[in-house]
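# Residue-level structural notes
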Amino acid sequence: MNGPVIKMNPLVVALAGNPNVGKSVVFNQLTGESQHVGNWPGKTVEKFEGKLNFLGREIKIIDLPGTYSLSAFSQEEEIARDFIKKEKPDVVIDIVDAASLEQNLFLTLQLLELDVNVVIALNMIDVAKEKGREIDAKMLSRLLGVPVVPTIATQGKGIENLMIQTINVADQKRVKKRFPKNATKRYEYIHRIVERCQKETAVGPTLTERLDGILLHKYSGYLFLVMILLLMFFLIFQLGDATSGYIEQIVDYFRQNIPPEISSNALFLFFWRTIVEGVVAGLTVAIPYLIPFYIFLAILEDSGYLPRIAFLTDGLMHKIGLHGKAFIPMFLGYGCSVPACLGCRIMESEDQQFLTAFLATMIPCAARSVIILGVVGAFLGFQWAAGIYLFNILVIFLLGFVLSKFIITKPVGLIMNMPSYKIPNIPSILRRALLQVKQYIFIAFPIIILSTFVINTLDFFGLLRYISGFLSPITVGLLGLPSIIGITLIVGFLRKELAIVLLAALLGTENFSEVLTPLQMIVFTVVSIFYIPCAATIATLVKEFGWKKAAFVTVFEIIFAIAIGAIALRVLPVFGLS
Amino acid sequence: MALKNKELEEYLETMYRKKQKGEKITTGEIAKELSISPASVSEMFKKLEKRGYIKYTPYKKVELTKEGEKIGASILRKHRLVEDFLEIFGVKREKAHEEACALEHAVSNAAEKAFERAIKNTKNAKPLSTLKEGQKGKILYVVGGVMANKRIEELGLTRGTIVKVIRTSKYGCPISLLVRDSELAIGRGIAEKIYVEVIE
C-alpha cells in the first residue's frame, strides 16, 4: 500500500472541567450545529455529544458533566469518572479556568492519575489578566507533562491550536502519574506548581467585585433580587399573553377544519380530536410561557447571577431545612414541575432532595399559571393574581417549615463557587432554551396525548358526569363550587392546562364571571394550584424517590388542597369577597 | 473464634475509604491494602457478614451495610482527629499518621469529644463564622462529618490554607471567602465548623 494510512474509526474526545469554566462554550465552538442531547445510560443527567472534522480526522466530542473532582460523591462525578475509566476516550480535554488555576488543578491531577491522554485548555486567560494573573503555559505544560493551550473560548481564540494538540497526542500512550493522596498535601503540591508558573500583579477591584458590592449587599442585594425576578415574570407573562392570542387562532383553525374523510367516521374523529387537542393544548403552554421562561433562566445562569440568588436566599432556605441551592429547582418549578423534580439532584442529601421536590411540585408551573391568569387574572384583575402567587409562596414556606421537622434528618450546608459575572452568549442561550422545551415536549407530550385519550373516552361513555356527581360532597359541600367542576379536578390530575379549557366547555361559556362568583373563582384556582402534581410529575417522583414517597406526596397534596380551598371559602368572605 | 475489635474496625475503615473514593471493594484490593492473603480476607468477609456489617456475595461484590458504614466512618473520623491533634501539637505529619492508625481504635466517643474541645481551645482558634470582612485566617481544623470534610477539602479548604473573608451577611446567610484565588460561598453552619487562627 502506498500513501498514508488513514485511521477509519473516529477519535473520541471528552471535555472535562469544573463548572463555570466555559466548557459548554468550547463544546459549542467545536461542534456547532452537529450536537445532540441524550441521557447518560440509566441516569437523568443530560449527555451532550457532537461531531467535528479536523485535519482529515473525524472527531466525536463528548461533554462530561462539570465537576470539581472525580470522587463519585455526586451522580455527575460518577458519570465523568466512569466514562473516562470504562470508555477510555482517546483524549480528555481538561478545561481549566486560568483565573482560578489552583482550585481547578485539583481535578487536573485526578485526570493525570488516570490512564488517558490529556490536553489542558487554559481558558479565560483574558479574565485572568483582568484579575492581574498571568500564567506561563509552557512552564505549566513542563510541570504537568501534558500540552497546555491558552484559549479564550468566547472569542474562539486558541481553539484551533487546542485541536491540533489533541490530534497530536491522540495516538500516544501517556504514562499515568501519581500525586499525594491526602487532600492537604495535594493542594500543597498544586500550590507549588502555581507559584512557579503564575505571575501576579495587584489590580483594583474587578467588575465582579464591584457588582457584588451592590448585588450581594445586605439591603440592596434583596431589593435587586426582587426587582429582577418581578421584571422577569412581568416580561414572560407579557410575551406569553401576546403569543397565546395567535396560537389560539391556529388552534381554532384545526378544531374547525377537520378533513371530511375523518369527520365522517366517528372513530377517526375521536382520535383526531384526541391528538390535535392534546398536541395543541400542550403547545399553548410550551410556546408562549415555557420558551421565554427558559430563555430568562439561561440568562440568569450564564450571567453568573444564579449562584448569587442561592447566596441571598440561603438564610431563608435554612429555616425550612434546605440551603440556598434549593432555590434553583424551586424556581424551575415555575416553568414545569418535571425538570424541577430532576433539578433537586443538586441537593446533597436524599432528605433534602425529597423535600425540595415535594415543595417544588406545589409551585405553579406554566400550565397552572394559565389557570391563575385565565381565571383570576382575567376576571378579578392583576392584583388578585399576584396575590395568589404570593399566597402560594407563603403557604409553601410555612409547609416547608413544618415538613422539614419530619423529613430532614441531617441538614447539609451550602458550599459553592461564586463565578465571575459574564455577558451571556446569545446563541448558546437560545440553543439551551430550545433544548429544554424539546425535552418538555418529549416527556410531557406522550402523557398529554394519552391523558386526552382517557378523558375523551370517559366523556364518550358519559362517565365524567357520573364521577363528578360522586365527588359532589367535596366540590359542592366543602368547596362551594358547581358540581360539574369535579370533572376539571380529575382532568387536572392528568393535565393541568386542560382544566381551564374544559371548564369553559362544561360551563358553556368562556366568560367565567357569568357563572362563577369571584369567591368561587379564587377557590377553584387555589385548589387547582395545590391539589396534585400532574401525571408526568408523579411519574418523575416515582422514578426519583420510589412509589411510596410519590404516593405520599400525591395523597398529601389532594387533602391539603381541599383543606386550603375549604378554608378560603369560609375565610375570604370576612374580607368582603363573595 | 472471637473477632478482635481492632481487626474488624480496620477492615470496615478500609472499606469505607474505598467506598468514599468511589472505588469497588474486592477481596483482592482489600488484601493488598491490608497486606493479608486473599483467602483470609474472604474468611473475614464471611464473619463480617454474619455480624451484619457487610453484604457479601463471593467473587461478586461486597457492600457495607448501614451499620458497617457507621463504624467505618467513625473510625476514619477518629483517625483524622488524632492526626490533626498530634500535628497541631508539633508531631510530624508522617509520624502523626502512623500514630493515628494505632490510636484510632482506642479512642472512645467521649474521648473524641474531648479531643475536639481541646483543639478548639488551642492557640487563637476561632470559628471562621466569627471573622469580619477583610480578615484573614489560617485553617487549623474542621469539625464534623467525614463526608462534609472531604467536600470542603476538595474545594481547597485544607488545613493550613489561608482564607480571606470577602463578605459576611445578615439573616443567617452564607459568608464568601477568597480561597486559592477563587471565591467560595459557604453556609453559616459549615463556617462554624471550620476553626481558624486569625493572621491579619
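Since we're looking at a predicted model, the values are computed, not measured.

In terms of helices and strands, chain A carries 25 helices and 10 strands. Here the C-alpha coordinates of chain A stretch approximately 80 × 65 × 40 Å along the principal axes. Within the span of chain A, comprising 578 residues, buried residues form 54% of the whole. A sequence separation of at least 24 residues applies to 75% of the contacts in chain A between residues at least 6 apart. With the model as given, the accessible surface of chain A reaches about 26,300 Å², and the carbon-plus-sulfur share is 65%.

Here the focus is the pairing of strand β6 (residues 117-123) of chain A. All names here are of chain A. Where burial is concerned, most of β6 is hidden: 7 out of the 7 residues are buried. Neither face of β6 is left uncovered, since the one carrying N117, V119, A121 and N123 and the one carrying V118, I120 and L122 both have all their residues buried. One crossover worth recording links strand β5 (residues 91-97) to the parallel β6 by way of helix α3 (residues 101-112), and it is right-handed. By the bridge criterion, 3 bridges tie β6 to strand β8 (residues 148-150) in an arrangement that is parallel. Across the sheet, the residue bridging to I120 is V148, located in β8.

Moving on to the interface of chain A and chain B. At the junction of the two partners, chain A supplies 38 residues and chain B supplies 36 residues. Across the interface of chain A and chain B, roughly 3,500 Å² is buried in total on both sides, 53% from carbon and sulfur atoms. Inspection of the chain A/chain B interface yields 2 salt bridges. Here A:E102 makes a salt bridge to B:R180, at a shortest N to O gap of 2.6 Å. Where chain A meets chain B, there are 11 residue pairs in polar contact (both at pLDDT 80 or more). Every element with two or more residues in the side of chain A that touches chain B is listed here: α2 (75-87), α3, α7 (183-197), β9 (198-200), α8 (207-215), α12 (305-318) and β10 (415-417) of chain A.

Looking now at the environment of A:E188. In this structure, A:E188 sits in helix α7. Along the sequence, A:E188 and A:E102 sit 86 residues apart, while their C-alpha atoms lie 9.9 Å from each other.

Attention now moves to the nonpolar core. Residues and elements named next belong to chain A. Counting 114 residues, the largest nonpolar core has Y294, L322, F331, F512 and F530 as its most contacted members. Mapped onto the domain boundaries, this core takes at least three residues apiece from domain 2 (224-367 + 379-439) and domain 3 (444-575). In this structure, Y294 is in contact with L332, C336, P339, A433, Q436 and V437, ignoring residues within four places of it in sequence. Judged by nonpolar contacts, the second largest core, of 38 residues, contains L101, L105, I135 and F179.

Turning to unusual backbone geometry, a few remarks are in order. Residue and element names in this part refer to chain A. Of note, K88 is a non-glycine position whose phi angle comes to about 45°, a positive value. Counting through the fold element by element, K88 comes out in the loop between α2 and β5. Classification of K88 as exposed rests on a relative accessible area of 51%. The residue M124 is not glycine, and still its phi comes out positive at about 60°. Relative to the elements of secondary structure, M124 occurs in the loop between β6 and α4 (125-130). Take M124: its relative accessible area is 10%, and that puts it in the buried class.

With antiparallel pairing, 7 strands are arranged side by side in an open sheet as β10(A)-β7(B)-β6(B)-β5(B)-β4(B)-β8(B)-β3(B). Bordering the open sheet on either side are β10 of chain A together with β3 (125-127) of chain B, each of which pairs with just one other strand. Looking at each pair of strands side by side, their axes are set apart by 40° on average, direction ignored. As judged from the 3 bridges shared by β3(B) and strand β8 (residues 194-198) of chain B, these two strands associate in the antiparallel manner. Bridge pairing in β8(B) links B:K126 to B:V196. Here α12(A) sits on the sheet in contact with β10 of chain A together with β5 (162-167), β6 (175-179) and β7 (182-186) of chain B, set at roughly 150° to β10(A).

On average, chain B scores 82 in pLDDT, and the residues at 70 or more come to 94%. Of the two predicted TM-score estimates for the complex, the pTM is 0.78 and the ipTM is 0.76.

Here the focus is the packing of helix α16 (residues 366-380) of chain A against helix α23 (residues 518-530) of chain A. Residues and elements named next belong to chain A. With their axes 10 Å apart at the nearest point, α16 and α23 run at an angle of 170° to one another. Between α16 and α23, the angle is such that the two are roughly antiparallel. Across from R368, I371, I372, V375, V376, F379 and L380 in α16, the residues of α23 making contact are P518, M521, I522, F524, T525, S528 and I529.

A word on the pairing of β6(B). Residues and elements named next belong to chain B. Where burial is concerned, most of β6 is hidden: 4 out of the 5 residues are buried. Pairing of β5 with β6 involves 3 bridges; the strand directions are antiparallel. By the bridge assignment for β6, K164 is matched with L178. Of the pairings in the sheet, the one linking β6 to β7 comprises 5 bridges and is antiparallel in character. Its bridge partner lying in β7, I175 is registered against I186. Adjacent in sequence and paired antiparallel, β6 and β7 are bridged by 2 residues, among which R180 carries a positive phi angle near 45°.

Further remarks concern the domain arrangement of chain A. Residues and elements named next belong to chain A. Taken domain by domain, chain A holds domain 1 (11-204), domain 2 (224-367 + 379-439) and domain 3 (444-575). Every contact between the two is made by 34 residues of domain 2 and, on the other side, 38 residues of domain 3. Interface of domain 2 and domain 3: buried area, both sides summed, is about 3,200 Å²; carbon and sulfur atoms make up 82% of it. The largest share of the area that domain 2 buries against domain 3 comes from F270, F354 and F379, three residues that together contribute 19% of it. On the surface where domain 2 and domain 3 come into contact, there are 1 salt bridge. One salt bridge connects E544 with R345, and the closest N-O pair in it is separated by 3.1 Å. In this structure, the connection of domain 2 to domain 3 is made through 2 residue pairs in polar contact (both at pLDDT 80 or more). Where the side of domain 2 that touches domain 3 is concerned, the elements lending two or more residues are α11 (266-303), α14 (337-343), α15 (350-360), α16 and α17 (382-407). If one sorts the elements of the side of domain 2 that touches domain 3 by residue count, α11 sits on top with 12 residues. When the residues that make up the side of domain 2 that touches domain 3 are grouped by side-chain class, the tally is 23 nonpolar, 7 polar and 4 charged.

Here the focus is the pattern of salt bridges. Residues and elements named next belong to chain A. Here the structure, examined in full by the defined rule, presents 18 salt bridges over all chains. A salt bridge links E49 to K47; the shortest N-O distance between them is 3.4 Å. A single burial state applies to E49 and to K47, both of which are buried.

Conventions adopted
- Residues numbered from 1 in each chain as written.
- Chains lettered and ligands numbered in written order.
- Predicted model: local features only at pLDDT ≥ 70, side-chain atom pairs only at ≥ 80, totals over all residues.
- Heavy atoms only, no water.
- Helix = DSSP H or I, 4+ residues; strand = E, 2+ residues; numbered from the N terminus.
- Buried < 20%, exposed > 50% of the residue type's maximum accessible area, 1.4 Å probe, protein only.
- Contact = heavy atoms within 4.5 Å.
- Areas by Shrake-Rupley, 256 points an atom, 1.4 Å probe, with all protein chains shown as cover.
- Right-handed = clockwise from strand over helix to strand, strands pointing away.
- Pairing = 2+ DSSP bridges.
- Buried area = accessible area lost by both parts, 1.4 Å probe.
- Salt bridge = Lys/Arg side-chain N within 4 Å of Asp/Glu carboxyl O.
- Polar contact = N/O pair within 3.5 Å; in protein donor to acceptor, adjacent residues only side chain to side chain.
- Core = buried A, V, L, I, M, F, W, Y, C linked by side-chain atoms within 4.5 Å.
- Domains from an automatic or database assignment.
- Axes fitted to C-alpha atoms, helices over the stretch in contact; angles between N-to-C directions.
- pLDDT = per-residue confidence, 0-100.
- Parallel < 35°, antiparallel > 145°, perpendicular 65-115°, else oblique.
- Nonpolar A, V, L, I, M, F, W, Y, C, P; charged D, E, K, R; others polar.

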